Amino acid sequence: MTSTITNRVINALKIASIQYPHEEFLRKRVEEKEQSTFVRVDKLRYEAKIDYYFSLQSNESSIRRRLEQLNLKEMDIRNTVKVREYDKLECIKEVAQKASIYFHQALEMYQTSIKMPETTSPLVEYYALLQCVKGSIILDLDLIEDVFFRFHGIVPVVKEEGNYIRARVKPIGVFSALVIRFAGYQDQRDDNGNSIQYKNEMETYFRKIFIISLEDIVNPPSSSAFEISYSNPLSVFMGSWMLSNLVRYAPLSWQEILAGQKNDLLYYIRDFRDEEIPRIFESCLPDHIRMKAGRRPPPKTTK
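What you see is a predicted model; the values in this text were computed from it and never measured. (Residues numbered from 1 in each chain as written. Predicted model: local features only at pLDDT ≥ 70, side-chain atom pairs only at ≥ 80, totals over all residues. Heavy atoms only, no water.)

### Some points on the overall build of the protein
Secondary structure assignment for the protein yields 14 helices and seven strands. Over its C-alpha atoms the protein spans a radius of gyration of 20 Å, differing by no more than 12% from the 19 Å that the globule rule assigns to 303 residues. C-alpha extents for the protein along the principal axes are approximately 65 × 60 × 45 Å. Expressed as a percentage of the 303 residues in the protein, the buried residues total 47%. The contacts in the protein between residues at least 6 apart in sequence include a share of 73% that link residues at least 24 apart. Summing over all exposed atoms, the protein offers an accessible surface of approximately 16300 Å²; the carbon and sulfur share of this is 48%. Charge separation in the protein, taken as the distance between the mean sites of 43 positive and 41 negative side-chain charges, equals 4 Å. (Helix = DSSP H or I, 4+ residues; strand = E, 2+ residues; numbered from the N terminus. Rg over C-alpha atoms; globule rule 2.2 N^0.38 Å. Buried < 20%, exposed > 50% of the residue type's maximum accessible area, 1.4 Å probe, protein only. Contact = heavy atoms within 4.5 Å. Areas by Shrake-Rupley, 256 points an atom, 1.4 Å probe, with all protein chains shown as cover. Lys, Arg positive; Asp, Glu negative; His and termini not counted. Charge placed at Lys NZ, Arg CZ, Asp CG, Glu CD.)

Below is the structure:
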């Protein structure tokens, strides 16, 4: 039996898998132009986060190497990811179609994962989330997919005693694009340009010392070197990736967790998968889809 939140996610993904709602929303954004919330608020925030992303030497170097591999070394690295601008109807149709395909794949994979046994379901569940994330990203960000969508953007590191898997963030990959899309950012300044309040969540994930374990995510310690919220979409994405990695590459460790041979970590993983992973699906779905999903027509009655 699926939970209420899971049913909400499935319903929303069904709507998101249709091209028309995305076209309708994007046309409205273009019609509103400078008066739209996207241009007045979101665009500026994206540009600030993109500036920060490119300011890190490791990110710039990785992008240059990737462009060389793609025989695009003459391309300006700033053109690999930028705020998406819609100036032609054809562009809207193309992006809406691609986003709907990603969401459709996410829907089918997520529904499949729900029916699968616990020994394998985290793998398909993660790939469902991955496709959902891609659909969300491309609606707002214009990026070179061969640079950002060819890699997960997360890699395992040598595990320590007591940890099943630990991971860190790579400069390029889906996760890097997701950080630009969802990382919290705020830079309030006074009339003289002095900072009043500054918050940049990207600084956490792109720090070289940032390494996090599965245990840190599904059962966060009371104090941590990193300010990682249990319900943060970025942390949840990393947790889902870690579970899929265990299923695929460390099945014996995953079986040990499922059997509860050494600890009760499975209790926290199940709660994480039941509550937090469906919530990140909802978080990744664009506002216009969540609004439509929340306005379902009343059921038909028979006379």
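Further notes follow.
### Examining the packing of aromatic side chains
On inspection of all chains with the given rule, the structure shows 13 aromatic pairs. Aromatic pair Tyr-53 and Phe-206: ring centres 5.7 Å apart, planes at 65 degrees, arrangement edge-to-face. Of this pair, Tyr-53 sits in helix 3 (residues 37-55) while Phe-206 sits in the loop between helix 9 (202-205) and strand 7 (212-213), and the two are 153 residues apart along the sequence. We note that Tyr-53, like Phe-206, is buried. Feature note: the residues Tyr-126, Tyr-127, Phe-175, Tyr-205, Phe-210 and Phe-237 constitute an aromatic cluster, connected by ring pairs. Against the face of Phe-38 rests Arg-29, its NZ or CZ located 3.7 Å from the ring centre. Geometry around Phe-182 places Arg-181 over its ring, the cationic atom sitting 4.3 Å from the centre. (Phe/Tyr/Trp six-rings, centres within 6.5 Å; stacked < 30°, edge-to-face > 60°. Lys NZ or Arg CZ within 6 Å of the ring centre and 35° of its normal.)

### A look at the sheet that holds strand 4 (residues 166-169)
What links the strands of a sheet is backbone hydrogen bonding, and the strands pair in either a parallel or an antiparallel sense. Within the open sheet, the three strands sit side by side as 3-4-7. Their pairing is antiparallel. Among the strands making up the open sheet, the edge pair consists of strand 3 (154-157) and strand 7. Relative to strand 4, strand 3 runs antiparallel, the two being bridged by four bridges. Looking across to strand 4, one finds that Ile-154 is bridged to Val-169. (Pairing = 2+ DSSP bridges.)

### Remarks on helix 8 (residues 174-182)
For helix 8, the buried fraction is high: eight of the nine residues fall into the buried class. Listed as buried for helix 8 are Val-174, Phe-175, Ser-176, Ala-177, Leu-178, Val-179, Ile-180 and Arg-181.

### Considerations on helix 11 (residues 233-249)
The terminal C-alpha atoms of helix 11, which comprises 17 residues, lie 24 Å apart, in line with the 24 Å expected from a rise of 1.5 Å per residue. For helix 11, a buried count of 14 out of 17 residues is recorded, marking the element as mostly surrounded by other parts of the structure. Where helix 11 begins, the side chain of Asn-232 points an oxygen toward the backbone nitrogen of Leu-234, at a separation of 2.8 Å. (Expected span 1.5 Å × (residues − 1). Polar contact = N/O pair within 3.5 Å; in protein donor to acceptor, adjacent residues only side chain to side chain.)

### Topic: the nonpolar core
Counting 86 residues, the largest nonpolar core has Leu-13, Phe-175, Phe-237 and Met-238 as its most contacted members. Apart from the residues within four sequence positions on either side, Met-238 is in contact with Ile-154, Ala-167, Val-169, Phe-175, Tyr-205, Phe-210, Ile-212 and Ile-217. (Core = buried A, V, L, I, M, F, W, Y, C linked by side-chain atoms within 4.5 Å.)

### Topic: the pairing of strand 5 (residues 185-189)
Both strand 5 and strand 6 (residues 195-200) contribute to a ladder of five bridges, which runs antiparallel. Within the sheet, the bridge partner assigned to Gln-186 lies in strand 6 and is Lys-199. Between strand 5 and the antiparallel strand that follows it, strand 6, lie five residues; Gly-193 among them carries a positive phi value of about 85 degrees.

### Structural notes on the pattern of salt bridges
Counted under the stated rule, the structure contains 17 salt bridges. Note that Arg-150 is salt-bridged to Asp-146, the shortest N-O span being 2.6 Å. A relative accessible area of 30% places Asp-146 in the partly exposed class. Between Glu-256 and Lys-262 there is a salt bridge, and its shortest N-O distance comes to 3.8 Å. Look at Glu-256 and you get buried, because its relative accessible area is 17%. Here Lys-262 falls in the exposed class, since its relative accessible area comes to 66%. The network of salt bridges with shared partners includes Glu-23, Arg-27 and Lys-93. (Salt bridge = Lys/Arg side-chain N within 4 Å of Asp/Glu carboxyl O.)

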